[in-house]
Amino acid sequence: MWIFIVGNIVVKLVYVSSPYRAVYDSLTQNHNLSCDKVIEEAYCLTAALAQKGIDWVKNRNDKTQKFLPISPIFVLERIYARYNPFALKAEEPEIMEACFELLGKCDEMLVVDSPYTHKSSGIQAEINKANELGIPVLYELGEVKSVPDCRRGGYEEWLVENGFKTL
């Protein structure tokens, strides 16, 4: 744990756990999209979910506490095969170990709510590790109901309406 004090402000590191591979897997299974389109759409959604968690953590800041979000998606994306989760299978154990190292340095863990969260084996592994390390796990409850079928249109509008993308 890395709680530190700056002046009179307590600073806590918060690990932001959001789905990654589960988003790609869901879009691949549920939509008749080309591989390139799945990668493009899934990365956009994955990054947006991670950012949603970061924003949630930052909104907890007040005059006495500051919460510093750490998202493994953004921290590790330059190290591993960015934009192509299908190339990550061989690296998954190494990626999860890196995630656990980051998690072990944090004071809390936030699980981002999404239609993919319950399908994510990575998030479940992170929750188990946080429990093993005695790190409190918080759950963000968002207002996202479901993801529209990309083939029927309206997907871009849905991304904007749910705060994942701006015009």
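As the structure is a prediction and not an experimental result, all values here were calculated from the model.

**Quick word on the overall build of the protein chain**
Thinking step 1. Looking only at helices and strands, the protein chain has six helices and five strands in total.
Thinking step 2. For the protein chain, the α and β elements follow one another from N to C terminus as β-β-α-α-β-α-α-β-α-β-α.
Thinking step 3. Relative to its full complement of 167 residues, the protein chain shows a buried share of 44%.

**A short note on the side chain of S120**
Thinking step 1. Of note, S120 is situated in the loop between β4 (108–111) and α5 (121–133).
Thinking step 2. Judged by relative accessible area, S120 falls into the buried class, the value being 11%.
Thinking step 3. At 3.0 Å, the side chain of S120 forms a polar contact with the backbone nitrogen of I123.
Thinking step 4. S120 has contacts with P19 and A22, leaving out every residue within four places of it along the chain.

**Some thoughts on the environment of Y80**
Thinking step 1. Tracing the sequence through the fold places Y80 in the loop between α3 (72–76) and α4 (92–104).
Thinking step 2. Y80 sits in the buried class, given a relative accessible area of 14%.
Thinking step 3. Along the sequence, Y80 and E94 sit 14 residues apart, while their C-alpha atoms lie 9.7 Å from each other.

**Observations regarding the packing of α4 against α5**
Thinking step 1. Two elements in contact, α4 and α5, have axes separated by 10 Å at closest approach and are oriented at 40 degrees. Here α4 is positioned oblique relative to α5, judged by the angle of their axes. Crossing handedness for the pair α4 and α5: right-handed. Each of M96, C99, F100, L103 and G104 in α4 lies in contact with α5, whose residues at this interface are G122, A125, E126, K129, A130 and L133.
Thinking step 2. Here the contact of α4 with α5 is built from residues that sort into seven nonpolar, two polar and two charged.

**Quick look at the pattern of salt bridges**
Thinking step 1. By the definition in use, this model includes three salt bridges.
Thinking step 2. Put simply, R60 and E108 hold a salt bridge, and the shortest N to O gap is 2.7 Å. Taken together, the residues R60 in the loop between α2 (35–58) and β3 (65–70) and E108 in strand β4 connect sequence positions 48 residues apart.
Thinking step 3. Overall, R60 belongs to the partly exposed group, its relative accessible area being 25%.
Thinking step 4. On the basis of relative accessibility, which here comes to 8%, the residue E108 falls in the buried class.
Thinking step 5. In this structure, K129 and E132 form a salt bridge, with 3.2 Å as the shortest nitrogen-oxygen distance. Of this pair, K129 and E132 both sit in helix α5, three residues apart, which is roughly one turn of the helix.

**Quick look at the pairing of β4**
Two faces belong to every sheet, and in a regular strand the side chains alternate between them.
Thinking step 1. Both faces of β4 are covered, namely the face carrying E108 and L110 and the face carrying M109 and V111.
Thinking step 2. Relative to β4, strand β2 (residues 9–17) is paired through four bridges, and the arrangement is parallel. For Y15, the partnering residue across the bridge sits in β4 and is M109.
Thinking step 3. Across three bridges, β4 lies against strand β5 (residues 137–139) in parallel orientation.

**Quick notes on the packing of aromatic side chains**
Thinking step 1. In total, this model carries one aromatic pair according to the counting rule given.
Thinking step 2. Stacked on the ring of F67, the Lys or Arg R60 has its end atom at 3.8 Å from the ring centre.
Thinking step 3. Positioned above the aromatic ring of F100 is the side chain of K129, whose terminal nitrogen or guanidinium carbon lies 5.5 Å from the ring centre.

Reading the values: rules and limits
Residues numbered from 1 in each chain as written. Predicted model: local features only at pLDDT ≥ 70, side-chain atom pairs only at ≥ 80, totals over all residues. Heavy atoms only, no water. Helix = DSSP H or I, 4+ residues; strand = E, 2+ residues; numbered from the N terminus. Buried < 20%, exposed > 50% of the residue type's maximum accessible area, 1.4 Å probe, protein only. Polar contact = N/O pair within 3.5 Å; in protein donor to acceptor, adjacent residues only side chain to side chain. Contact = heavy atoms within 4.5 Å. Axes fitted to C-alpha atoms, helices over the stretch in contact; angles between N-to-C directions. Parallel < 35°, antiparallel > 145°, perpendicular 65-115°, else oblique. Left-handed = near helix turned anticlockwise from the far one by under 90°. Nonpolar A, V, L, I, M, F, W, Y, C, P; charged D, E, K, R; others polar. Salt bridge = Lys/Arg side-chain N within 4 Å of Asp/Glu carboxyl O. Pairing = 2+ DSSP bridges. Phe/Tyr/Trp six-rings, centres within 6.5 Å; stacked < 30°, edge-to-face > 60°. Lys NZ or Arg CZ within 6 Å of the ring centre and 35° of its normal.

In short, shape yes, function no, at least from these values alone.
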